[in-house]
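# Residue-level structure breakdown
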Amino acid sequence: MLNATLLRFFVLALATAILSCPPLTRGVVAAFSNVPDVRAKGVSCDGVTDDTAAFQSAIDGAGSTGTELMIPSGVCIISPPTANYVFRIHSGLRVHGHGMGISVLKMKDHAGDYTVVFGEFGATYNNLTFSDFTIDYNDKNNPAAALTPHGRLAIGTNQQSSGMTWQHVEFRDIGSINVIYSGGDLTEVTSCRFVLNRASTLYHDHSTLYIAANRAVISNNVFKGQINAPGAVTAIETHGGAQTISGNVIDGYLIGMNVTGVARTDSEGIAITGNSITNGYYGIVLWSNIYRSHTQGYGLAGLTITGNILRLTHTLWKTNTVTGAKVIGNTTGIAINPTATLPVRTVLIANNAVEFDLESSADAPFSAASEMGIGYWDSTNSTPSFNIKITGNIVINAPASGIRWASSGGDNIEISDNTIINAGSLVVL
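Report follows, based on the coordinates. (Residues numbered from 1 in each chain as written. Predicted model: local features only at pLDDT ≥ 70, side-chain atom pairs only at ≥ 80, totals over all residues. Heavy atoms only, no water.)

### Topic: the sheet that holds strand 26 (residues 332-336)
The strand order 9-11-14-17-20-23-26-29-32 describes an open sheet built from 9 strands, whose pairing is parallel. Of all strands in the sheet, those with a lone pairing partner are strand 9 (155-157) and strand 32 (401-406), marking the two edges. Taking each pair of neighbouring strands and ignoring which way they run, the sheet shows an average axis angle of 10 degrees. Here strand 23 (residues 282-287) pairs with strand 26 via 3 bridges, running parallel. Bridge pairing in strand 26 places I284 opposite I334. (Pairing = 2+ DSSP bridges. Helix = DSSP H or I, 4+ residues; strand = E, 2+ residues; numbered from the N terminus. Axes fitted to C-alpha atoms, helices over the stretch in contact; angles between N-to-C directions.)

### What about the environment of I284?
Here I284 lies in strand 23. Classification of I284 as buried rests on a relative accessible area of 0%. The spacing of I284 and I272 is 12 residues in sequence and 9.5 Å in space, taken between C-alpha atoms. If we ignore the near neighbours within four places in the chain, the residues touching I284 are M257, V259, I272, I277, I305, N308, L310, G333, I334 and A335. (Buried < 20%, exposed > 50% of the residue type's maximum accessible area, 1.4 Å probe, protein only. Contact = heavy atoms within 4.5 Å.)

### Description of the state of the cysteines
If you walk through the whole model with that rule in mind, you get 1 disulfide. The residue that forms a disulfide with C45 is C76, at a sulfur-sulfur distance of 1.9 Å. Across the S-S bond linking C45 and C76, the dihedral sits near 80 degrees, which makes this disulfide right-handed. Of this pair, C45 sits in the loop between helix 1 (4-20) and strand 1 (46-50) while C76 is found in strand 3 (residues 74-78), placing the two residues 31 residues apart along the sequence. C45 sits in the buried class, given a relative accessible area of 7%. (Disulfide = S-S within 2.5 Å.)

### With respect to helix 2 (residues 52-61)
What helix 2 keeps buried is the set T52, A54, F55, Q56, A58 and I59. Close packing links the buried residues of helix 2 with strand 1, strand 2 (68-70), strand 3, strand 4 (85-87), strand 5 (94-96) and strand 6 (103-107).

### Some details on empty space enclosed by the protein
Inspection of every chain in the model, using the stated rule, returns 1 cavity of 30 Å³ or more. One number sums up the size of the largest cavity: a volume of about 40 Å³. D139, I174, G175, S176, L196, N197, S200, H204, P230 and G231 are the residues that line the largest cavity. Class assignment of the residues belonging to the lining of the largest cavity gives a composition of 3 nonpolar, 6 polar and 1 charged. (1 Å grid on protein atoms, 1.4 Å probe; cavity = no way out; pocket = protein on both sides within 12 Å on 5 of 7 lines; lining within 4 Å. Points joined across faces, edges and corners; volume = space filled by probe spheres on them. Nonpolar A, V, L, I, M, F, W, Y, C, P; charged D, E, K, R; others polar.)

Here you go:
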């Protein structure tokens, strides 16, 4: 059996190696060498000219189906002609660039508030593709006084939508409620890079990806926030089933993931595997709650969480990044939210590594009931769980419980072959 020092070295070395890998800057662009260049519509991308109207003309002129446009190399300045959107779009739109950092859409200095970059919020769009370019929100030179009612999203589709792909797209200097909001079926976000405005002073709620969609794939993305930075709240939030969340690197968010059974039907068939979450306060938070008419059945039903690395630096978090208030207690690695109101079934949590900071004072564990490496504490005393298996995990320096499962009723709970090191940890400095 490895000792604590070796285990810690393994966790940190692997996470560091992942974070140090540079993001891909070129993706599928080679397949679109004959796609019309938007410069034909007068788009200059010279870093000075406002190209919004010319870019809109290119979108409008390309037709309503099978539309493909190529963003040239350079910096294309854009600004919102209305508070609702920057560009009107239609189904079938495919926008490609020459690579992240090479083809750049940059929000104009002092452009003002807007709700969405591409399309109107809550509209129906089908079969959209965006690849190989950068959106620079330029939040430092266009700060929002508030993000309500405007959210500064890249896109926001409704539940009647279907088919949307974001691949090899970089989002810089983000200051928004969400970046990609998708209610539509068949959403794919892969090999993208998200960097928050870490110098922002505006506290606000934020989920970089808000995916309220079935059959979604979120893979191999990089999310960069910063401890205590306003708006560095949640990297990935999902509502729905048949989702795959894999290979993502998340650093400096209060919450790595909110994976929820908060949807119109049971959230079935979710796989969370091979992700790295570092410098967080909460790792992977699972929600299983009533939503509108979905008051019976299960919230989460058929969930696997395997091979993830979580390194939580909870002692460094002092500020709630939504409100600016003090952060108070209840740090968790992989856990079901204690206020769950729908039962859960068929959950496998296996072969994950969870490490916390050592704590320096006796009052640092704020709640012995709910602070845990892996588990569930049913604070409502009303939500059973069935067919749960927790096996092969490593938990280091859990502030209170290494693994705890305390649901009100249920059956077939197995906790086996886990390694717990220094639970209830305390070091006096």
